[in-house]
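Tertiary structure, described
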Amino acid sequence: MSEPDRTSEPGRTAEPTRAGEPDPIGPDGPGRSLPPAVTPKGARKKRKKEPKAASTSGPATPAAAESLSERPMLRTGQPLPRPAHPVRVTTVTAEECEPADHRELLGLMRDWRKGRATKKLGEVISDAYVVVFGVLLVGAMAVNVVLQAQTTVSQCATVACTSARLFLPWATVALVAGLALSMARLFGPVLASAAEGTWLMSAPVGRARLLRPRLVSALLIALLGGALVGILVTLLSGTAGREVAAWTIATGLSAAAVVAWAAAWQTAGRSGPARWSARLFALLGLAVLVLVVALAAGWTTFTLPGVARIEIAAAVAAGAVLLLVVCAVVAGRRLDRIERLRLTSGGSLVSGLSGAFYALDLGLIHDIVVERRAREKGHVRAMRGSGEAVRALVLREVQRALRSPAAVPTVLLTAVVPYAADALGLATVVPFLGALAVFVSLIPLTGGLRVLTRNSGLARTLPFTNGQIRRATVVVPAVVALVWAIASAPAFVGFGESAGSRPVLEAVQVTLLTAFAGLMGAVRWTTAKPVNWGAPMASTPAGAIPPGMITAPIRGIDMVLLITAPILLNLPLVVSFVIAAIVAVVLLGGFSSEGLQATREQQQKELERQRAARRR
């Protein structure tokens, strides 16, 4: 027996059908859903009520059903027209579908990015104007300074200046190539973001077509960066115009060639050759700097005419072009072999570093790079600690230094910086440059200090005060800095044409102050707290920023400059020793505003507890 129609029941009014619910009397039969309706404002309230009793018991006519139900409406208030004929559904088989091209996928991503832009055209033009004006202003100032320095240095005809013009471009090519290899191995050089790795790299499209523009971009960046460094160094050394152009092109092509070399090994799934090549180029650059020092000191003699220098630069550029073409072709053909995990790891590293650069947190950048290297190394053999009391922390730092074999030699190799600076006629700023080199190279040896100062909970588990922990973890870097001071002491005494420019006793004191300034700079940089974004903001022309963000980029450098400034200003050395003692007490004494506040709160609670006991 069929269910009676609700609209035909006597004494009952038909219930209106809501949008999206089954329409019992729709044109296509019962149970058909209506699309979401847009009804005129107040239509539901103004509808007249129907009489309670129906006049007939027969089925409702279409007109009655039309009046009793809510028809879907357009935004204009007109009823939605019904289709005159059934809608035809087209079925497409897999054989009829055409695969998407990589250009279509990239175009779709480009449309999504541009279609969600929030800035107006006027804001974009204003920002571009500010950027272009700032770049032109700073660039004009830099070019003016470089040209003036080039004019002044080119007038120097001593042996030191001649050796610098001859071999400093060689060292620049080697060091830039080593730096480019290190950066390429760290980031990829071919990389992709996490979203691109999930959506693009998993698509049934040739991966080589998607990655080839990224490879070309990496090569262009290396070419422009290497050329920029090459032109700066050659101009500052007083080299002539044609030789400047030759070595600039050679440096840029060398950087691009080694990046292509790293990309070729990345497609093969190996990073060892790129790592060892970077170390080889670094040692080659340091060897050239040692040769410059030897020429300035008169230990050896070597000369080349100007034409031969340009020919050597042309030969280096030709070799770089050959390596660039071969490695770029090999890498381009094997781009499909790069694993997606390797591509996305480089992209995630870039995104993390960009956020850290935005916050100007150099410590976070260091932590990200250290974590990346630890992941590449994988598992290591556990080493059992030894010793008692504070000596256990010292021995643990020795083990940490042995686990990174390149950390200590890197610090000792920077002892060539004072010699090179003195050979180039920069004897007045040798203390600052030497301390800066010690500061940068000692940071990898302060890992234990960074862990114990950033993780206060771990430090509280040790039965030592903050001062004892800091002094124990700084013993190994201090010993390495002392060895550096002994190795670089002759540079402060003077050699070559500037031999005996400073008494031996004074030179020893300056050497110790320089090494100590670098050590305190490393301690200051390591123990500095991150930027507190919850603190009150400071109003600047660039917007509201936290106060700690302004001083974050110069942490460590401020201690170097503070200790070496009296030496640069020819003040008595006692002033530098007093400043160094004050800095050591502040940084190694374990003083902390948070610790003092916690101690004060604890003392206040103890005082209140004693008062409550007296009242009882």
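Please read these numbers as outputs of a predicted model, since none were measured by experiment.

**Quick notes on the overall build of the protein**
- When helices and strands are counted, the protein shows 25 helices and four strands.
- For the protein, buried positions account for 35% of its 616 residues.
- When contacts within the protein are restricted to residue pairs at least 6 apart in sequence, those whose partners lie at least 24 apart make up 76%.
- A total accessible area of about 37200 Å² is found for the protein, and carbon and sulfur atoms account for 65% of it.

**Remarks on the packing of helix α20 (residues 475-493) against helix α21 (residues 504-527)**
- Contact pair α20 / α21: the axes reach a minimum separation of 8 Å and the direction vectors enclose 140°. The pairing of α20 with α21 is recorded here as oblique in orientation. As α20 runs across α21, the sense of the crossing is right-handed. Of the residues in α21, those touching α20 at Pro477, Ala478, Ala481, Leu482, Trp484, Ala485, Ser488, Ala489, Phe492 and Val493 are Ala507, Val510, Thr511, Leu512, Thr514, Ala515 and Leu519.
- Among the residues forming the contact of α20 with α21, the class breakdown is 14 nonpolar, three polar and no charged.

**A word on the pattern of salt bridges**
- Considering all chains together, one arrives at three salt bridges under this definition.
- Salt-bridge contacts for Arg524 lead to Asp558; the nearest nitrogen and oxygen are separated by 3.5 Å. Here Asp558 lies in helix α23 (residues 557-568) and Arg524 lies in helix α21, a separation of 34 residues in the sequence.
- On the accessibility criterion, Asp558 (23% relative accessible area) is partly exposed.
- For Glu606, the salt bridge is made with Arg609, and the minimal N-O distance between the two is 2.4 Å. Taken together, the residues Glu606 and Arg609, both in helix α25 (residues 593-615) and three residues apart, mark about one turn of the helix.

**Description of the packing of aromatic side chains**
- Inspection of the entire model under this criterion finds two aromatic pairs.
- Centre to centre, the rings of Tyr129 and Phe133 are 6.2 Å apart; their planes meet at 20°, and the pair counts as stacked. Taken together, the residues Tyr129 and Phe133, both in helix α4 (residues 121-154) and four residues apart, mark about one turn of the helix.
- Residue Tyr129 is classed as exposed on the basis of its relative accessible area, which comes to 57%.
- With a centroid separation of 5.7 Å and an interplanar angle of 70°, the aromatic rings of Trp261 and Trp265 are classed as edge-to-face. Linking Trp261 with Trp265, this pair stays in helix α8 (residues 241-267), spanning four residues, or about one helical turn.
- The class for Trp261 is partly exposed, based on a relative accessible area of 28%.
- Owing to a relative accessible area of 24%, Trp265 belongs among the partly exposed residues under this scheme.
- Of note, Arg279 hangs over the ring of Trp276, and the distance from its end group to the ring centre comes to 4.7 Å.

**Here we look at the environment of Gly534**
- Along the chain, the position of Gly534 falls in the loop between α21 and β3 (538-540).
- Assessed through its relative accessible area of 69%, Gly534 is described here as exposed.
- In this structure, the C-alpha to C-alpha distance between Gly534 and Pro546, residues 12 residues apart in sequence, is 8.1 Å.

**Comments concerning the nonpolar core**
- Formed by 41 residues in total, the largest nonpolar core has its most connected members in Leu442, Leu445, Met520 and Val523.
- For this core, the elements supplying multiple residues, two or more each, are α14 (407-413), α16 (430-442), α20, α21, α23 and α24 (573-588).
- The biggest single contributor to this core is α21, with 10 residues.
- With near-sequence residues (within four places) excluded, Val523 lies in contact with Leu449, Val474, Leu587 and Leu588.
- Within the second largest apolar cluster, 39 residues are counted, among which are Val190, Leu215, Ala218 and Ala222.

**Points about the packing of α21 against α24**
- Between α21 and α24, the shortest axis-to-axis distance is 11 Å and the interhelical angle comes to 25°. The angle between the axes of α21 and α24 places the two elements in the roughly parallel class. Regarding α21 and α24, the two cross each other, and that crossing is left-handed. The residues of α24 that touch α21, namely those facing Glu506, Gln509, Val510, Leu513, Phe516, Met520, Val523 and Arg524, are Leu573, Ser576, Phe577, Ala580, Val583, Ala584, Leu587 and Leu588.
- For the contact of α21 with α24, the residue count by class is 12 nonpolar, two polar and two charged.

**A word on unusual backbone geometry**
- Within the chain, Asn570 stands out as a residue other than glycine whose phi angle is a positive 60°.
- In this structure, Asn570 sits in the loop between α23 and α24.
- Given a relative accessible area of 70%, Asn570 falls into the exposed group.

**Structural notes on the environment of Arg381**
- Relative to the elements of secondary structure, Arg381 occurs in the loop between α12 (362-377) and α13 (390-403).
- A C-alpha to C-alpha distance of 9.8 Å links Arg381 and Arg403, two positions 22 residues apart in sequence.

**Some points on a positive patch on the surface**
- A cluster of basic residues, Lys377, Arg381, Arg396 and Arg403, forms a positive patch on the protein surface.
- By the element assignment, Lys377 lies in helix α12.

So, how was this worked out
- Residues numbered from 1 in each chain as written.
- Predicted model: local features only at pLDDT ≥ 70, side-chain atom pairs only at ≥ 80, totals over all residues.
- Heavy atoms only, no water.
- Helix = DSSP H or I, 4+ residues; strand = E, 2+ residues; numbered from the N terminus.
- Buried < 20%, exposed > 50% of the residue type's maximum accessible area, 1.4 Å probe, protein only.
- Contact = heavy atoms within 4.5 Å.
- Areas by Shrake-Rupley, 256 points an atom, 1.4 Å probe, with all protein chains shown as cover.
- Axes fitted to C-alpha atoms, helices over the stretch in contact; angles between N-to-C directions.
- Parallel < 35°, antiparallel > 145°, perpendicular 65-115°, else oblique.
- Left-handed = near helix turned anticlockwise from the far one by under 90°.
- Nonpolar A, V, L, I, M, F, W, Y, C, P; charged D, E, K, R; others polar.
- Salt bridge = Lys/Arg side-chain N within 4 Å of Asp/Glu carboxyl O.
- Phe/Tyr/Trp six-rings, centres within 6.5 Å; stacked < 30°, edge-to-face > 60°.
- Lys NZ or Arg CZ within 6 Å of the ring centre and 35° of its normal.
- Core = buried A, V, L, I, M, F, W, Y, C linked by side-chain atoms within 4.5 Å.
- Patch = residues over 30% accessible without salt bridge, like charges linked within 9 Å, V, L, I, M, F, W, Y side chains within 5 Å.
- Lys, Arg positive; Asp, Glu negative; His and termini not counted.
- Charge placed at Lys NZ, Arg CZ, Asp CG, Glu CD.

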